Amino acid sequence: MVAKLPEEEHPKQAFGWAARDESGVLSPFNFSRRATGEKDVCFKVLYCGMCHSDLHMVKNEWGTSTYPLVPGHEIVGVVTEVGSKVEKFKVGDKVGVGCIVGSCHSCHNCTNNLENYCAEMILTYGAKYYDGTITYGGYSDIMVADEHFIVRIPDTLPLDSTAPLLCAGITVYSPLKYYGLDKPGMHVGVVGLGGLGHMAVKFAKGMGVKVTVISTSPSKKQEAVEHLGADSFLVSRDQDQMKATMGTMDGIIDTVSATHPLLPLIGLLKTNGKLILVGAPEKPLELAAFPLLMGRKMVGGSGTGGMKETQEMINFAAKHNITADVEVIPIEYVNIAMERMLKADVRYRFVIDIGNTIKSTY
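Residues numbered from 1 in each chain as written. Predicted model: local features only at pLDDT ≥ 70, side-chain atom pairs only at ≥ 80, totals over all residues. Heavy atoms only, no water.

From N to C terminus, the protein chain includes 12 helices and 17 strands. Relative to a compact globule of 362 residues, whose C-alpha radius of gyration would be 21 Å, the protein chain shows 21 Å and is just as compact. Viewed in the frame of its principal axes, the protein chain has a C-alpha envelope of about 65 × 40 × 35 Å. The long-range share in the protein chain, meaning contacts at least 24 apart out of those at least 6 apart in sequence, stands at 68%. In the form shown here, the protein chain has an accessible surface area of approximately 16000 Å², with 54% of it arising from carbon and sulfur atoms. Between the averaged position of the 35 positive side-chain charges in the protein chain and that of its 39 negative side-chain charges there is a distance of 6 Å. (Helix = DSSP H or I, 4+ residues; strand = E, 2+ residues; numbered from the N terminus. Rg over C-alpha atoms; globule rule 2.2 N^0.38 Å. Contact = heavy atoms within 4.5 Å. Areas by Shrake-Rupley, 256 points an atom, 1.4 Å probe, with all protein chains shown as cover. Lys, Arg positive; Asp, Glu negative; His and termini not counted. Charge placed at Lys NZ, Arg CZ, Asp CG, Glu CD.)

By the definition in use, this model includes zero disulfides. With no disulfide partner, Cys-107 has as its closest neighbouring cysteine sulfur the one in Cys-104, 3.6 Å distant. As a non-bridged cysteine, Cys-118 has Cys-104 as the owner of its nearest cysteine sulfur, 3.7 Å distant. Owing to a relative accessible area of 5%, Cys-118 belongs among the buried residues under this scheme. (Disulfide = S-S within 2.5 Å. Buried < 20%, exposed > 50% of the residue type's maximum accessible area, 1.4 Å probe, protein only.)

With that settled, consider a nonpolar patch on the surface. A contiguous nonpolar patch, built from Phe-290, Leu-293 and Met-294 and spanning about 380 Å² of accessible area, is present on the exposed surface. Tracing the backbone through its elements, the reader meets Phe-290 in helix H9 (residues 290-293). (Patch = residues over 30% accessible without salt bridge, like charges linked within 9 Å, V, L, I, M, F, W, Y side chains within 5 Å. Salt bridge = Lys/Arg side-chain N within 4 Å of Asp/Glu carboxyl O.)

In this section: the UniProt feature "domain: Enoyl reductase (ER)" (unreviewed entry) in the protein chain. In the numbering used here, UniProt assigns the "domain: Enoyl reductase (ER)" (unreviewed entry) feature to residues 24-352. A helix fraction of 26% and a strand fraction of 26% characterise residues 24-352, whose end C-alpha atoms lie 17 Å from each other. (UniProt positions renumbered as here; feature names shortened; annotations may be inferred.)

A large share of strand S3 (residues 40-49) lies buried, amounting to eight of its 10 residues. Of the pairings in the sheet, the one linking S3 to strand S8 (residues 142-146) comprises five bridges and is antiparallel in character. Looking across to S8, one finds that Phe-43 is bridged to Met-143. Alignment of S3 against strand S17 (residues 349-353), held across three bridges, turns out to be antiparallel. Pairing of Gly-49 across the sheet is with Val-351, part of S17. (Pairing = 2+ DSSP bridges.)

Our next topic: the nonpolar core. In terms of nonpolar packing, the biggest core is built from 52 residues, with Leu-176, Met-199, Val-201, Phe-203, Ile-253 and Ile-314 touching the most fellow members. If you list the elements that add at least two residues to this core, you get helix H4 (168-178), strand S10 (187-191), helix H5 (195-206), strand S11 (210-215), strand S12 (232-235) and helix H10 (307-320). Shared between two domains, this core holds at least three residues of each, these being domain 1 (12-167 + 324-352) and domain 2 (168-301). In this structure Ile-314 touches Val-151, Arg-152, Ile-153, Pro-154, Leu-157, Thr-162, Leu-165 and Leu-166, once residues within four positions along its chain are discounted. Core analysis: the second largest hydrophobic core is formed by 47 residues, Val-82, Val-86, Tyr-125 and Phe-350 among them. (Core = buried A, V, L, I, M, F, W, Y, C linked by side-chain atoms within 4.5 Å. Domains from an automatic or database assignment.)

Moving on, we come to H5. Compared with an ideal rise of 1.5 Å per residue, which puts 12 residues at 16 Å, H5 spans 17 Å between its outermost C-alpha atoms and is within 8% of the ideal. Most of H5 is tucked away: 10 of the 12 residues are buried. Along H5, the residues classified as buried are Gly-195, Leu-196, Gly-197, His-198, Met-199, Ala-200, Val-201, Lys-202, Phe-203 and Ala-204. Each element contacted by the buried residues of H5 is listed here: H4, S10, S11, strand S13 (249-254), H10 and S17. (Expected span 1.5 Å × (residues − 1).)

Scanning the model with the defined rule gives eight aromatic pairs in all. On the basis of an interplanar angle of 70 degrees and a centroid distance of 5.5 Å, the ring pair of Tyr-173 and Phe-203 is categorised as edge-to-face. Within this pair, whereas Tyr-173 is found in helix H4, its partner Phe-203 is found in helix H5, the two being separated by 30 residues in sequence. Its relative accessible area of 0% is what places Phe-203 among the buried residues. An aromatic cluster is present here, built from Phe-29, Phe-31 and Tyr-136 joined pairwise through their rings. (Phe/Tyr/Trp six-rings, centres within 6.5 Å; stacked < 30°, edge-to-face > 60°.)

Time to look at the sheet that holds S13. Here we have six strands laid out as an open sheet, ordered S12-S11-S10-S13-S14-S15, and parallel in their pairing. Among the strands making up the open sheet, the edge pair consists of S12 and strand S15 (298-301). Across this sheet, the average inter-strand angle for adjacent strands is 20 degrees, counted without regard to direction. Taken together, the five bridges between S13 and strand S14 (residues 269-277) define a ladder with parallel strand orientation. (Axes fitted to C-alpha atoms, helices over the stretch in contact; angles between N-to-C directions.)

With respect to the helices and strands, Asn-60 occurs in the loop between helix H1 (52-58) and strand S4 (75-82). There is a polar contact of 3.1 Å between the side chain of Asn-60 and the backbone nitrogen of Thr-64. With residues near it in sequence (within four places) discarded, Asn-60 still touches Glu-22, Ser-65 and Tyr-67. (Polar contact = N/O pair within 3.5 Å; in protein donor to acceptor, adjacent residues only side chain to side chain.)

Laid out in structure tokens, this is it:
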């Protein structure tokens with residue numbers, strides 16, 4: 001039994017890579033993490049996934065970025081210290097932190113395990129914490145977070161390819177569950193085969209669902225069917241294929257973040273079918289009412305998941321051997337990786353080997 005360490009009075013020295021301005025270029029950065037509080041868990045970061053959000057944030061494309069900005073919200077590592085009132089974790093545990101590190105704990109959403117929809121939700125990086133400091137993400141050597149926002153990683157899951165589940169994984173798992181698209185024998189479409197899309201295929205298959213990948217790129221068929229295990233593949237630009245598949249799907253998880261037509265997708269749905277958006281196009285999408293009326297169809301959305309559901313998702317992944325397909329990179333490669341991510345030149349998620357490649361300068 002490892003004794004719980006007394007709370008420190010001094011902040012921890014930390015080292016990471018940060019963007020300094022809207023150029024988005026990342027470079028080494030010394031900063032401080034708060035001392036481990038009584039409900040805090042401190043862990044050594046071993047891997048951090050690179051989400052498309054990181055690309056938007058380092059360049060301030062959403063207009064909310066504060067510099068210096070340390071990105072990363074797909075963070076995994078090993079616990080090095082726990083506060084005196086921490087109950088769920090001990091030194092040596094494998095853990096992770098996803099998109100959020102704080103919420104109010106008292107609103108309707110929080111009391112229903114939907115911290116991700118709390119109006120006072122605190123994002124893992126680039127947000128203001130309770131003490132007024134700016135949060136720094138996982139492109140760094142250590143992480144400190146309240147135990148409520150820490151996820152336990154089962155020993156059977158490899159840390160590098162599990163990191164992306166903390167954002168990409170929960171972002172597709174949550175709508176599959178909430179919208180009832182997790183019943184064996186159902187037919188679910190997945191639009192887009194990137195970081196989110198490939199996870200949607202894997203989780204849906206794990207739930208026993210028939211999966212059709214919908215893509216503009218015919219070249220992705222072999223990858224979707226033979227490697228990821230999709231049941232079928234549909235080229236959205238092929239009018240004959242689309243017509244033949246109309247009215248066959250119980251639901252569609254749409255992961256595309258570029259502007260694209262919704263009408264053809266709505267046509268693929270059965271009566272009472274659901275088109276769920278998890279991508280976030282910058283410009284509004286056109287949505288006609290009539291196709292929804294004729295078939296009582298729904299267009300919905302979903303954003304990440306609460307802490308209880310995130311742990312449930314990780315446990316499901318361990319049971320069904322679900323991990324992300326990743327390209328592990330050293331931290332020095334991060335700027336090139338950002339450029340490649342912009343061109344969708346990755347299958348399907350970059351993961352930074354923080355533990356072996358980040359070198360402190362303090």
